[in-house]
Amino acid sequence: MKQNEMIYLDSAAAAAPATGILDFYREKLAEYYANQEAAHGFAFEIRQKLKDAETELSEILTGDPRNKVAWCSSASDGFAACLSSLRDTTGKNIVTTGAEHPALASAVARIPEIDTRTVKLTLQGLIDLEHLDSLIDANTIMVALHHVQSETGVIQDLPAVRKAIDRKKIPGIKFLADTVQSAGKLPLPWLEAKLDLAFVSGPKIGVPGGGAVICRFSDDYMRITNLRTKEHQTGRVNPALAMTLTEAFRELGKNREKEFRRISELNRFARAKLAGVKLNNGRDPVLTIPEKLASPWILHMMLPNYQGAILTRMLSKMNIMAAAGSACEAENNTPSRTLTVMGYKKTDAFSGMRISFWRNTTRENIDEFITALQQILINY
């Protein structure tokens, strides 16, 4: 299928790379192809280039070039690396939610003999701060939460979470934030929330791979890098991808406010168009998260008495690419885990659909999506 023949509304899973980014990647791949862990001078030169990229990426995302950046092959690899350092934690607990990305949830679940405490979510997907407060105690070693939920797009108030942690006056609790869906698109509340660990993913911003973990403390950085250099549990990062990741964030930063306004207007336009769609059971589509609480790059809806996965496949046959939920759980024959923990009944949790926007998304794309959606709802 040719790219110009389809309408792509699944950028939250992987965004289309810009021509300039691909050109930059090809240039760096041709120039810096050696293994950066080798002992020769060329490898040393590449390591210096990666250090420069780390410093710049930290400054772009956190405002402070002194924070450490650990490169990884993907954000999933980063989650696994961060959580694997907690293996010897008998009698301890981690506080998280039931709506985390599968990669983070699985990394938490793999820690032996850890008590996983799950924070309640409201019907709008927000963390119940009072419940969070009740779960944190002297044995809590980490609070691990998303900033923007990958399926619904709800934005969590991470500074408020940090206040809840600090009120306990318990030293040593790490605050890990899954910032994959927000980095480069929304301001990262690194300072306000005093984050300890944050994450970026190349495919979410149009880079063909790669990821990174931003670390406040050197000990976290060393544990993650040692998993590669000493324990060989993670893969070697492609230097060209790491450099391209920083370049992509640099480019996003140049026009972030302007693009934020454009995407916000596009999201608002889509919400208004969906208000005119009628379901055959007499109900309207449910816009799951109010505009003021959601990332404009993600628009989640529920279409009661329809199955989102079936609608997604029907749209795909019309060359329109959307999503029934998180791409990592697309083939599950179960209702949305996120909608379920938010308190929706099973039939509604099956009915979710997500569209997500990027720099190449237009109003015409939204118009065609709405027209196609109305058609398949009739023929469902």
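The present account deals with the structure reproduced in this document.

## Structural notes on the overall build of the protein chain
Right, on to step 1. When helices and strands are tallied, the protein chain shows 13 helices and twelve strands.
Right, on to step 2. For a compact globule of 380 residues, the expected C-alpha radius of gyration is about 21 Å, and the protein chain comes in at 21 Å, within 12% of that figure.
Right, on to step 3. Over its C-alpha atoms, taken along the principal directions, the protein chain stretches across nearly 65 × 50 × 35 Å.
Right, on to step 4. Burial status across the protein chain gives 54% buried among its 380 residues.
Right, on to step 5. Put simply, 71% of the contacts in the protein chain that link residues at least 6 apart link residues at least 24 apart.
Right, on to step 6. Split by element, the accessible area of the protein chain, about 16800 Å² in all, is 51% carbon and sulfur.
Right, on to step 7. Treating the 47 positive side-chain charges of the protein chain as one cloud and the 43 negative ones as another, the clouds have centres 2 Å apart.

## Things to note about the pairing of strand 3 (residues 93-97)
Right, on to step 1. For strand 3, the buried fraction is high: five of the five residues fall into the buried class.
Right, on to step 2. Burial along strand 3 is two-sided: the face carrying N93, V95 and T97 and the face carrying I94 and T96 are both buried.
Right, on to step 3. Across five bridges, the pairing between strand 3 and strand 4 (residues 115-119) is parallel. Counterpart to N93 in the pairing with strand 4 is D115.
Right, on to step 4. Once the chain exits strand 3 it traverses helix 4 (residues 102-109) before rejoining the sheet at strand 4, and the crossover so formed is right-handed.

## Some words on the packing of helix 2 (residues 41-62) against helix 8 (residues 239-254)
Right, on to step 1. At their nearest, the axes of helix 2 and helix 8 sit 9 Å apart, and the two run at 30° to each other. In terms of orientation, helix 2 lies roughly parallel with respect to helix 8. In this structure, helix 2 meets helix 8 at a crossing whose hand is left-handed. Contacts between helix 2 and helix 8 involve I46, K49, L50, A53, E56, L57, I60 and L61 on the former and, on the latter, P239, A242, M243, T246, F249 and R250.
Right, on to step 2. Classifying every residue of the contact of helix 2 with helix 8 by side-chain character gives ten nonpolar, one polar and three charged.

## Some points on the environment of I376
Right, on to step 1. By the element assignment, I376 lies in helix 13 (residues 363-379).
Right, on to step 2. What makes I376 buried here is its relative accessible area of 4%.
Right, on to step 3. Separated by 184 residues in the primary sequence, I376 and E192 place their C-alpha atoms 45 Å from one another.
Right, on to step 4. Among all residues touching I376, those that are not within four sequence positions of it are L311, M314, L315 and M318.

About the thresholds
- Residues numbered from 1 in each chain as written.
- Predicted model: local features only at pLDDT ≥ 70, side-chain atom pairs only at ≥ 80, totals over all residues.
- Heavy atoms only, no water.
- Helix = DSSP H or I, 4+ residues; strand = E, 2+ residues; numbered from the N terminus.
- Rg over C-alpha atoms; globule rule 2.2 N^0.38 Å.
- Buried < 20%, exposed > 50% of the residue type's maximum accessible area, 1.4 Å probe, protein only.
- Contact = heavy atoms within 4.5 Å.
- Areas by Shrake-Rupley, 256 points an atom, 1.4 Å probe, with all protein chains shown as cover.
- Lys, Arg positive; Asp, Glu negative; His and termini not counted.
- Charge placed at Lys NZ, Arg CZ, Asp CG, Glu CD.
- Pairing = 2+ DSSP bridges.
- Right-handed = clockwise from strand over helix to strand, strands pointing away.
- Axes fitted to C-alpha atoms, helices over the stretch in contact; angles between N-to-C directions.
- Parallel < 35°, antiparallel > 145°, perpendicular 65-115°, else oblique.
- Left-handed = near helix turned anticlockwise from the far one by under 90°.
- Nonpolar A, V, L, I, M, F, W, Y, C, P; charged D, E, K, R; others polar.

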